[in-house]
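Chains, contacts and geometry: an overview
Given next are the chains, with one letter for each unit.
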Amino acid sequence: MPRKAPTSIFLIFLCLLLLAFYSLLLSRSAISVSPTHLRFRPRNLTARYDAPDSFNHVIREDINELTHRTRLVTSIPGPVESVSVLLPNWEVLVLVSQDTPLTSNLGVGGFYCFFPRNETSPANFSGVLPFTGATTFKCTLPNRNRRLQPFHQPVLTRFPERETNVISAAPVMPRWDFLAYECFSTETDVVLFVKGVNNRQGINKSPEEFRCVFGNDIKNAVKTPVTSSKQEVFRCLHPNLMELSISPSTTAAAKRIKVSIEINREKLVVPSVAYYTPPRRHMPSNPNPTSLLCATTMVYNVAKFLREWVMYYSKIGVDKFILYDNGSDDDLERVIKELDEEGDYNIERIFWVWPKTQEAGFSHSAVYAKDSCTWMMYVDVDEFIFSPSWLKNSSQPSKTMLKSLLSISSNGSIGQVSIKCNDFGPSDQKKHPAMGVIQGYNCRRQAEQRHKSILLLEAVDHSLLNVIHHFDLSNNHYNWKELPLEAAVINHYKYQAWPEFMTKFRRRVSAFVADWRTRVNPMSKDRTPGLGFQPIKPEGWENMFCDVKDDRLKLWTKKWFGSQTPQGLKMAWQL
């Protein structure tokens, strides 16, 4: 017994020493991420500041600061400079600045997100943001970390086994539902896209309630008035670069100026991953855009539909296609490349990773494309415009067909042309028709549905407000023309074969339309009649929504785009 006493005393002493060390470590970590002048919301989205000389901790958090802290912990090369955002469904978006080259034989592969509790998940390359050049990755927040509050930003690394305790001082990770995420500079102002401020459609806060905040820290932060606040789009004046200590000789890395929105009454700055780019000097807007008619839409995994949509519209008058790619992981890029190689198609793909931002993407297109397009058509890849008169009077498709609907006059009073939709049902199809949607679906609902629009870009209102594919127009300058069904109609192949519709059910891109899985607004027109809140196939789905047999566009496209082969009729978009 006496022999065991020294051993017991030693073990007790060792436990006390470890406990003291662990307590000290926790206290230092708490101080580093929770300064006394910051009060985080329960949802850990933002930081309030009490003193006028303080600044939002989340917005101030610079990539270099984070990387510097991680490298203080370990001298082993590995962590990559990055910032992260928590997206819906526990998905983490990791952004790497274009000033941080990913040089390796592995390219953008082989990365991991390293989280607290030594948990990791693969970081899959997602794309490159076109306006900041940031490389993006997506990873999944591990299950055990979902119970840790607040959520901390992960470390992006190729060697997670070497990064033990590397993120003990990492900043809080902002959530997607309250974030400034994109910025675009015009010659006269700044267009900033912000999630979570104007949350309800049709209810927008006054511009006087906000200011735009430019700068990475309090020393060079500059604030300018907000001139418009509609949905997720805020417009404000350019900052004075002299106040930001920016000179023409400053390096590109040092010119990265973070921008966000300050909510005046709450003394609150929205977390941000958006960066300001000064307008180009002495670059007047193009007085004669190269394309008279363009088409834009937001897409996700539409590779199997794109060929038909592009080939159809290019034949009847669309000069350029601008696709806002909402994170596709199918063969979309390959299909675009094939189309570029096969014919004279002008297709621009913009990587737009932000979820449920269709309206914001359309607003962005209205300013982004203004110098290259005169008119912009807003229709989805399952929507096809045609005029009944074309079937009678035209033996071949013509690039003047769509443009004839615009009623272009010398005084330019028409700013927007809207066309009503006919919604088509599954038409007894059980899978995607090999000849395309126009040939495969020919049974529709009786009543016409919501319209889609073709917009004169110079006519759009300063607010860039749009709802259900139409925009507000500049006051007292332009008129809005709605075409009757006998002049033009859109075949909307909305309710397709069940496997295709079920895929669509799982993802909706509109910010102001609830997901089908959300148990709200059961009687909304955006709901599918007869379908609940789960992707469960209703009985008799193949024959639903079939009030009228409508073969008009089917026969027209068969004549103009079909050809006989030894295997039978083949459409131009079939490989």
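One structure accompanies this document, and this report is about it. It should be emphasised that the depicted structure is a prediction, and the values quoted were computed from it without experimental measurement.

Okay, the packing of aromatic side chains next. Describing an aromatic ring pair means giving the distance of the ring centres and the angle of the ring planes. Counted by the stated rule, this structure contains 37 aromatic pairs. Ring plane angle 5° and centroid distance 5.8 Å describe the contact between Trp176 and Trp354, whose orientation is recorded as stacked. Separated by 178 residues along the polypeptide, Trp176 in the loop between strand E8 (155-157) and strand E9 (179-185) and Trp354 in the loop between strand E19 (347-351) and helix H6 (358-368) bring together distant segments of the chain. In this pair, the class of Trp176 matches that of Trp354, namely buried. Note that Arg158 overlies the ring of Phe111, its terminal NZ or CZ placed 3.8 Å from the centroid. Directly above the aromatic system of Tyr275 lies the positively charged group of Arg256, at a separation of 3.9 Å from the ring centroid.

So, about helix H10 (residues 552-561). Within H10, burial applies to Leu553, Trp556, Thr557, Trp560 and Phe561. For H10, the angular spread of the buried residues around the axis is 100°, confining them to a single face. Exposed and facing more than 90 degrees away from the buried side of H10 are Leu555 and Lys559.

What follows deals with the state of the cysteines. Using the criterion set out here, one finds four disulfides in the structure. Disulfide pairing is shown between Cys113 and Cys139; the S-S distance is 2.2 Å. Handedness here is read from the sign of the S-S torsion; for Cys113 and Cys139, about -90°, the answer is left-handed. Separated by 26 residues along the polypeptide, Cys113 in strand E5 (residues 111-115) and Cys139 in strand E7 (residues 135-140) bring together distant segments of the chain. The two residues Cys113 and Cys139 agree in class, both being buried. The disulfide bridge from Cys212 ends at Cys236, spanning 2.2 Å between sulfur atoms. What sets the handedness of the Cys212 and Cys236 disulfide is the S-S torsion sign, and at about -90° it is left-handed. Note that Cys212 is positioned in strand E11 (residues 210-214) and Cys236 in strand E13 (residues 233-236), a separation of 24 residues in sequence. As far as the burial class goes, Cys212 and Cys236 line up, both buried. Sequence-ordered numbering of the disulfide-bonded cysteines in the protein gives the connectivity 1-2, 3-4, 5-6, 7-8.

With that settled, the discussion passes to the environment of Met173. With respect to the element layout, Met173 can be found in the loop between E8 and E9. The class for Met173 is buried, based on a relative accessible area of 0%. Along the chain, Met173 and Pro150 lie 23 residues apart, while their C-alpha atoms are 7.9 Å from each other.

Counted by the stated rule, this structure contains 20 salt bridges. A salt bridge links Asp189 to Arg235, with the shortest nitrogen-to-oxygen separation between them at 2.8 Å. Of this pair, Asp189 sits in the loop between E9 and strand E10 (190-195) while Arg235 sits in strand E13, placing them 46 residues apart in sequence. When sorted by exposure, Asp189 lands in the same class as Arg235, which is buried. Close ionic contact of Lys420 with Glu448 constitutes a salt bridge, the shortest N to O distance being 4.0 Å. Residue Lys420 is found in strand E22 (residues 414-423), and its partner Glu448 is found in the loop between strand E23 (443-444) and strand E24 (449-456); the two are separated by 28 residues along the sequence.

Within a sheet, neighbouring strands are paired by backbone hydrogen bonds and run either parallel or antiparallel to one another. The antiparallel open sheet is built from six strands, whose spatial order is E3-E4-E7-E6-E5-E8. Looking at strand neighbours, the two that pair on one side only are strand E3 (83-86) and E8, the edges of this open sheet. On average, adjacent strands in this sheet sit at an angle of 35° to one another, irrespective of strand direction. In this structure, E5 lies alongside E8, joined through three bridges in antiparallel fashion. Across the sheet, the residue bridging to Tyr112 is Thr157, located in E8.

Orientation of helix H4 (residues 303-316) relative to helix H5 (residues 332-342), taken along the N-to-C sense of each, is 30°, at an axis distance of 9 Å. If you check the angle between H4 and H5, you find them roughly parallel. Viewed along their axes, H4 and H5 form a crossing whose handedness is right-handed. Residues Ala303, Leu306, Arg307, Val310 and Met311 of H4 form the contact with H5, whose participating residues are Leu332, Val335, Ile336, Glu338, Leu339 and Glu342. Considered class by class, the residues forming the contact of H4 with H5 number eight nonpolar, no polar and three charged.

Conventions we followed
Residues numbered from 1 in each chain as written. Predicted model: local features only at pLDDT ≥ 70, side-chain atom pairs only at ≥ 80, totals over all residues. Heavy atoms only, no water. Phe/Tyr/Trp six-rings, centres within 6.5 Å; stacked < 30°, edge-to-face > 60°. Helix = DSSP H or I, 4+ residues; strand = E, 2+ residues; numbered from the N terminus. Buried < 20%, exposed > 50% of the residue type's maximum accessible area, 1.4 Å probe, protein only. Lys NZ or Arg CZ within 6 Å of the ring centre and 35° of its normal. Arc of directions from axis to C-beta. Disulfide = S-S within 2.5 Å. Salt bridge = Lys/Arg side-chain N within 4 Å of Asp/Glu carboxyl O. Pairing = 2+ DSSP bridges. Axes fitted to C-alpha atoms, helices over the stretch in contact; angles between N-to-C directions. Parallel < 35°, antiparallel > 145°, perpendicular 65-115°, else oblique. Left-handed = near helix turned anticlockwise from the far one by under 90°. Contact = heavy atoms within 4.5 Å. Nonpolar A, V, L, I, M, F, W, Y, C, P; charged D, E, K, R; others polar.

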